[in-house]
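One letter stands for each residue in the lines below.
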Amino acid sequence: MLKALDIPFEPGNACVTAKENNIIPDEIAGKITPESPVTMDCVYVLTTRVVDLLKQ
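Cut-offs used in this document
- Residues numbered from 1 in each chain as written.
- Predicted model: local features only at pLDDT ≥ 70, side-chain atom pairs only at ≥ 80, totals over all residues.
- Heavy atoms only, no water.
- Core = buried A, V, L, I, M, F, W, Y, C linked by side-chain atoms within 4.5 Å.
- Buried < 20%, exposed > 50% of the residue type's maximum accessible area, 1.4 Å probe, protein only.
- Helix = DSSP H or I, 4+ residues; strand = E, 2+ residues; numbered from the N terminus.
- Contact = heavy atoms within 4.5 Å.
- Expected span 1.5 Å × (residues − 1).
- Arc of directions from axis to C-beta.
- Salt bridge = Lys/Arg side-chain N within 4 Å of Asp/Glu carboxyl O.

## Let's talk about the nonpolar core
Phase 1 of the analysis: Formed by Cys15, Ala18, Ile23, Ile24, Ile28, Ala29, Ile32, Cys42, Val45 and Leu46, the largest nonpolar core amounts to 10 residues.
Phase 2 of the analysis: Elements with a minimum of two residues in this core: helix H1 (14-20), helix H2 (26-29) and helix H3 (40-55).
Phase 3 of the analysis: In this structure Ile32 touches Cys15, Val16, Lys19, Ile24, Pro37, Thr39 and Cys42, once residues within four positions along its chain are discounted.

Structure, rendered in structure tokens:
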């Protein structure tokens, strides 16, 4: 998913990578912790951005 957004990332957790690259809003990034590395908010934001790119 992050490849579609042209963001370099390591294989693994897209939400953590999005947080580190300031791709997701702070209020969503604040919910991402080592104990909870994936949140539905994060997945929704990333998916929405990819869909928006595909529509262009």
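## Some thoughts on H3
For an α-helix, the turn length of 3.6 residues means that residues three or four places apart are oriented alike.
Phase 1 of the analysis: With 16 residues, H3 extends 22 Å between its outermost C-alpha atoms, agreeing within 8% with the 22 Å of an ideal straight helix rising 1.5 Å per residue.
Phase 2 of the analysis: Residues Cys42, Val45, Leu46 and Val50 constitute the buried set of H3. Buried residues in H3, looked at end-on, bunch into an arc of 130°, giving them a common side. The outward face of H3, more than 90 degrees from its buried face, is lined by the exposed residues Met40, Tyr44, Leu54 and Lys55.
Phase 3 of the analysis: At its buried positions, H3 is contacted by H1 and H2.

## Details of the environment of Ile23
Phase 1 of the analysis: Note that Ile23 resides in the loop between H1 and H2.
Phase 2 of the analysis: In this structure, the C-alpha to C-alpha distance between Ile23 and Arg49, residues 26 residues apart in sequence, is 9.8 Å.

## What to know about the pattern of salt bridges
Phase 1 of the analysis: For the structure on display, the rule yields one salt bridge.
Phase 2 of the analysis: Salt-bridge contacts for Lys31 lead to Asp41; the nearest nitrogen and oxygen are separated by 2.8 Å. Remark: Asp41 occurs in helix H3 and Lys31 occurs in the loop between H2 and H3; sequence separation between them is 10 residues.
Phase 3 of the analysis: Exposure remark for Lys31: the relative accessible area of 45% places this residue in the partly exposed category.
Phase 4 of the analysis: Since its relative accessible area comes to 32%, Asp41 is described here as partly exposed.

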